[in-house]
Amino acid sequence: MSETGDYEPPKVWTWDKESGGRFAKINRPVAGPTHDKALPVGKHPMQLYSLGTPNGVKVTVMLEELLARGHSGAEYDAWLINIGEGEQFSSGFVEANPNSKIPALVDHSAETPVRVFESGAILMHLAEKFGEFLPEKAPARTETLSWLFWQMGSAPFLGGGFGHFYAYAPVKLKYPIDRYAMEVKRQLDVLDRHLAENAYMAGPDYTIADMAIWPWYGALVKGLVYDAAEFLQVHDYTNVIRAGRTRFPGANRSGAGAW
Ligand SMILES: N[C@@H](CCC(=O)N[C@@H](CS)C(=O)NCC(=O)O)C(=O)O
């Protein structure tokens, strides 16, 4: 590994298992299970396999919001998947999510259980099933889905890009940190401008778009992820900070932001 910027990529990439960094132990260039282990199944209709990360918390927020609205079909068993120990590579987890990332949901309310992976797809599945937090008709539905997919496309630049190079990489490199800090500040400005004019992401109502966005960007402006609040000068994004305090009830009720 070059630490000085003089790295010349070889003709063919090879896996350097000793690359260092917080996730070096679990990251692999191949998919599929590493060991045989079935997932546990509890007694409730929804079986959630997750962890208290921003992506994981989105689904817990949704399930808690559904329960708060009286949907007993949203009762769930939450099973911890320790991604630091490679539990996302068990055969059972790979059956629930071939992409080996939390969160994964198995919906046992139908005769044949339905697996759902990708947090955005899980939020949509639950929203459609219970008829909540996703408006039925355009344009409100379209706007909700636009912001939901905005989050799914944007957060990898925050987590996998900025967070990785700023907080987890074994060396601090100016080029990637500059590149991703710029993008994350741009994303925060997108949110800030939008929240200056709108109560919630999709307009006047609280939707799954808010549940997806808040665990990432709300935690960022509260200084709860990557310890980057000062570096990114998050206090400049006053509308995001105000929205976090006053407009995202689920975040407070379900402890989002507490990781
Ligand atoms: N796009 C996915 C991302 C999920 C994701 O990146 N999960 C992380 C934790 S936040 C994970 O399971 N990482 C384990 C690994 O990469 O092996 C989603 O929104 O569900």
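## Thoughts on the environment of His 44
Inspection of the secondary structure assignment puts His 44 in the segment before strand 1 (46-50). Given a relative accessible area of 22%, His 44 falls into the partly exposed group. Distance in space between the C-alpha atoms of His 44 and Thr 142 is 32 Å, their sequence separation being 98 residues. If sequence neighbours within four positions are ignored, His 44 has contacts with Glu 75, Tyr 76 and Asp 77.

## Side note on the sheet that holds strand 3 (residues 104-107)
Spatial strand order, 2-1-3-4: 4 strands in an open sheet with mixed pairing. The open sheet has two free edges, formed respectively by strand 2 (76-80) and strand 4 (114-117), since each of these has just one partner strand. The sheet shows a mean angle of 20° between the axes of neighbouring strands, taken without regard to direction. Strand contacts of helix 1 (residues 54-68): strand 1 and strand 2, with the helix running at about 155° to strand 1, the strand carrying the most contacts. Strand contacts of helix 3 (residues 119-130): strand 1, strand 3 and strand 4, with the helix running at about 130° to strand 4, the strand carrying the most contacts.

## Some remarks on the pattern of salt bridges
Note on pairing: side chains with opposite charge can pair once their charged atoms come close. As enumerated under the stated definition, the model contains 6 salt bridges in all. In this structure, Glu 132 and Arg 69 form a salt bridge, with 2.7 Å as the shortest nitrogen-oxygen distance. Here Glu 132, found in the loop between helix 3 and helix 4 (140-168), pairs with Arg 69, found in the loop between helix 1 and strand 2; they are 63 residues apart in sequence, far enough to count as distant. On the basis of relative accessible area, Glu 132 is assigned to the buried category, the value being 15%.

## Brief notes about the packing of helix 6 (residues 208-221) against helix 7 (residues 238-246)
The interhelical angle for the contact between helix 6 and helix 7, taken along N-to-C directions, is 115°, at an axis separation of 9 Å. Taken together, the axes of helix 6 and helix 7 are roughly perpendicular relative to one another. As for how helix 6 packs across helix 7, the hand of that crossing is left-handed. The segment helix 6 lies against helix 7, with Trp 214, Tyr 217 and Val 221 engaging Val 240, Ile 241 and Gly 244. Tallied by class, residues from the contact of helix 6 with helix 7 come to 5 nonpolar, 1 polar and no charged.

## A look at the packing of helix 3 against helix 4
Where helix 3 meets helix 4, the closest approach of the two axes is 10 Å, and the angle between their N-to-C directions is 155°. Classified by the angle their axes make, helix 3 and helix 4 are roughly antiparallel. Of the residues in helix 4, those in contact with Ser 119, Gly 120, Leu 123, Met 124 and Glu 128 of helix 3 are Arg 141, Leu 145, Leu 148, Phe 149 and Met 152. A breakdown of the residues in the contact of helix 3 with helix 4 according to their chemical character gives 6 nonpolar, 2 polar and 2 charged.

## So, the site of the ligand
Around the ligand, the structure places 13 residues, and the nearest of them are Gln 88, Lys 101, Ile 102, Glu 118 and Ser 119. Between the ligand and Ile 102, the relevant distance is 2.8 Å, taken from an oxygen atom to a main-chain nitrogen or oxygen of the residue. In isolation the ligand exposes 510 Å². Once the protein is present, 80% of that is buried. Classifying every residue of the shell around the ligand by side-chain character gives 5 nonpolar, 5 polar and 3 charged.

## Notes on the side chain of His 194
Relative to the helices and strands, His 194 is located in helix 5 (residues 174-197). Of the polar contacts made by the side chain of His 194, one reaches the backbone oxygen of Met 201; its length is 2.6 Å.

## Here's the deal with the domain arrangement of the protein chain
As far as domains go, the protein chain holds domain 1 (46-130) and domain 2 (140-253). Measuring from the centre of the C-alpha atoms in domain 1 to the corresponding centre in domain 2 gives 22 Å. On the side of domain 2, 16 residues touch domain 1, which itself brings 15 residues to the contact. With both sides pooled, the region where domain 1 packs onto domain 2 buries about 1300 Å², and carbon together with sulfur makes up 72% of that total. Along the contact surface separating domain 1 from domain 2 lie 1 salt bridge. Measuring nitrogen to oxygen at the nearest pair gives 2.7 Å for the salt bridge that ties Arg 141 to Glu 128. Put simply, domain 1 and domain 2 have 4 residue pairs in polar contact (both at pLDDT 80 or more) between them. Looking at the side of domain 1 that touches domain 2, the elements with two or more residues in it are helix 1 and helix 3. At 8 residues, the largest contribution of residues to the side of domain 1 that touches domain 2 is made by helix 1. Its residues assigned to classes, the side of domain 1 that touches domain 2 comprises 8 nonpolar, 3 polar and 4 charged.

What counts and what doesn't
Residues numbered from 1 in each chain as written. Predicted model: local features only at pLDDT ≥ 70, side-chain atom pairs only at ≥ 80, totals over all residues. Heavy atoms only, no water. Helix = DSSP H or I, 4+ residues; strand = E, 2+ residues; numbered from the N terminus. Buried < 20%, exposed > 50% of the residue type's maximum accessible area, 1.4 Å probe, protein only. Contact = heavy atoms within 4.5 Å. Pairing = 2+ DSSP bridges. Axes fitted to C-alpha atoms, helices over the stretch in contact; angles between N-to-C directions. Salt bridge = Lys/Arg side-chain N within 4 Å of Asp/Glu carboxyl O. Parallel < 35°, antiparallel > 145°, perpendicular 65-115°, else oblique. Left-handed = near helix turned anticlockwise from the far one by under 90°. Nonpolar A, V, L, I, M, F, W, Y, C, P; charged D, E, K, R; others polar. Near = heavy atom within 4 Å. Polar contact = N/O pair within 3.5 Å; in protein donor to acceptor, adjacent residues only side chain to side chain. Areas by Shrake-Rupley, 256 points an atom, 1.4 Å probe, with all protein chains shown as cover. Domains from an automatic or database assignment. Buried area = accessible area lost by both parts, 1.4 Å probe.

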